[in-house]
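Fold and geometry: a report
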Amino acid sequence: MKISLIFACYNVSKYLDDLYELLISQPYKNVEFIFVDDCSTDNTKTKILSFKDRRVKVVLNKENIGAACSRNNGIDIATGDYISFVDPDDMFEKNLLERISKIVNKYNPDVIDVGMQEIYEIDNIVTYRKNIISKYSGFFDKNINDVLIDLEYKFLFGSSSNKFYKKEIIDKHHIRNEHQALKEDFEFNIKFFKEISNLYVLNEPFYFYMKRNNGSLTAKFVPDYFSIHMKTLSSFATLLKTRGNLGEEALKLSVNRFIRYTLSAIERNSSPNANLTFKAQRDWIINSVYSQEQFRLMENNARLVSRKQKLIYFLLKYRMSSLLVLLGNFVKLVKSRLPILFTKLKG
């Protein structure tokens with residue numbers, strides 16, 4: 001069983017030495033390492049071209065096309081039975097690939113989801129670690145919706161870097177990544193999980209997701225943030241419907257995720273990069289939030305709102321737009337001044 005690891009690389013030179021050392025020290029050897037350089041402006045290209053391991057393959061994009069399309073270029077030359085899109089600035093457990101091979105040999109699953117550990121760095125110092133694991137573990141070919149809901153609830157579903165996908169399914173249905181400002185992984189998974197008949201949950205935090213204060217995409221202002229996240233709510237609900245009925249847990253997830261995404265959008269609108277006055281922020285809430293179908297769903301299902309979100313639900317239900325703007329600005333302040341506390345409170 002062969003595994004293809006695809007790395008979409010853009011200006012990640014400072015992380016590549018540690019990554020390469022991890023790769024060549026893997027006990028499991030039937031692997032290929034596909035590095036796709038997306039016209040980096042540092043010495044990423046030079047480094048990956050210097051890697052001597054015969055299992056390394058290098059793709060050099062002729063123009064900058066983004067992570068999604070770079071991953072597609074990796075898929076096109078991959079020869080493994082399973083594919084994983086590891087981020088080149090992350091790391092994973094040394095014996096992970098060996099564990100994956102044993103799971104495949106025993107169960108031959110369509111996809112394997114691996115638990116994650118978020119590692120928070122501030123100025124290159126690790127300040128906090130957080131394990132993200134599902135309540136489910138093992139092989140599932142029945143009641144898959146229950147597993148998917150829990151994976152999404154734990155924010156494990158939306159990532160593609162912690163998954164190993166059966167390449168046969170990718171090829172058969174010509175599943176590819178699509179470029180968008182956010183949530184590229186999520187939309188890839190929506191397409192892939194529509195085609196699966198089983199999955200395996202490796203319920204241990206073996207993928208190490210590095211969260212650094214280095215101006216990453218998640219820290220930038222994205223005007224379409226709210227609309228993209230509303231699309232993910234609809235996409236996930238549609239996925240569940242294709243596999244069966246939407247139950248109470250799915251509805252609960254949708255209601256609480258809507259509240260969370262709404263507050264996050266309000267907080268992001270308070271960023272200086274958004275260049276929105278207080279009135280403009282309030283008008284955005286009035287024009288963009290209250291008209292959402294998910295807003296009406298939230299209004300009609302107060303019983304499903306989690307205790308942590310009750311205050312935000314109250315402000316939304318009674319359309320207290322100015323107070324919501326103030327809350328968003330307060331969240332922005334806490335997030336910038338006390339990032340680890342913010343992470344712990346967010347859960």
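Read on for a plain summary of the structure. (Residues numbered from 1 in each chain as written. Predicted model: local features only at pLDDT ≥ 70, side-chain atom pairs only at ≥ 80, totals over all residues. Heavy atoms only, no water.)

Here we come to the pattern of salt bridges. A full pass over the atoms with the stated rule returns 22 salt bridges. Residue Lys47 pairs with Asp17 through a salt bridge whose shortest N-O separation is 2.9 Å. Here Asp17 lies in helix H1 (residues 13-24) and Lys47 lies in helix H2 (residues 44-50), a separation of 30 residues in the sequence. Of the residues examined, Asp17 reaches a relative accessible area of 45% and is grouped as partly exposed. The residue Arg319 makes a salt bridge to Glu299 at a minimum N-O spacing of 3.4 Å. Of this pair, Arg319 sits in the loop between helix H12 (310-317) and helix H13 (321-337) while Glu299 is found in helix H11 (residues 293-299), placing the two residues 20 residues apart along the sequence. Among the residues examined, Arg319 registers a relative accessible area of 41% and is labelled partly exposed. Shared partners join several salt bridges into a network, and the residues in it are Lys2, Glu32 and Lys57. (Salt bridge = Lys/Arg side-chain N within 4 Å of Asp/Glu carboxyl O. Helix = DSSP H or I, 4+ residues; strand = E, 2+ residues; numbered from the N terminus. Buried < 20%, exposed > 50% of the residue type's maximum accessible area, 1.4 Å probe, protein only.)

A separate point is the pairing of strand S7 (residues 125-132). Both faces of the sheet carry side chains from a regular strand, because those side chains alternate between them. Alignment of strand S6 (residues 111-122) against S7, held across seven bridges, turns out to be antiparallel. Paired with Gln117 across the strands is Asn131, a residue of S7. (Pairing = 2+ DSSP bridges.)

Here H12 has its buried residues at Ile312, Tyr313, Leu315 and Leu316. Buried residues of H12 fall within an arc of 165 degrees about the axis and therefore sit on the same side. Summarising the contacts, the buried residues of H12 are in contact with helix H9 (248-269), H11 and H13. Just beyond H12, the residue with positive phi is Arg319, at close to 50 degrees. (Arc of directions from axis to C-beta. Contact = heavy atoms within 4.5 Å.)

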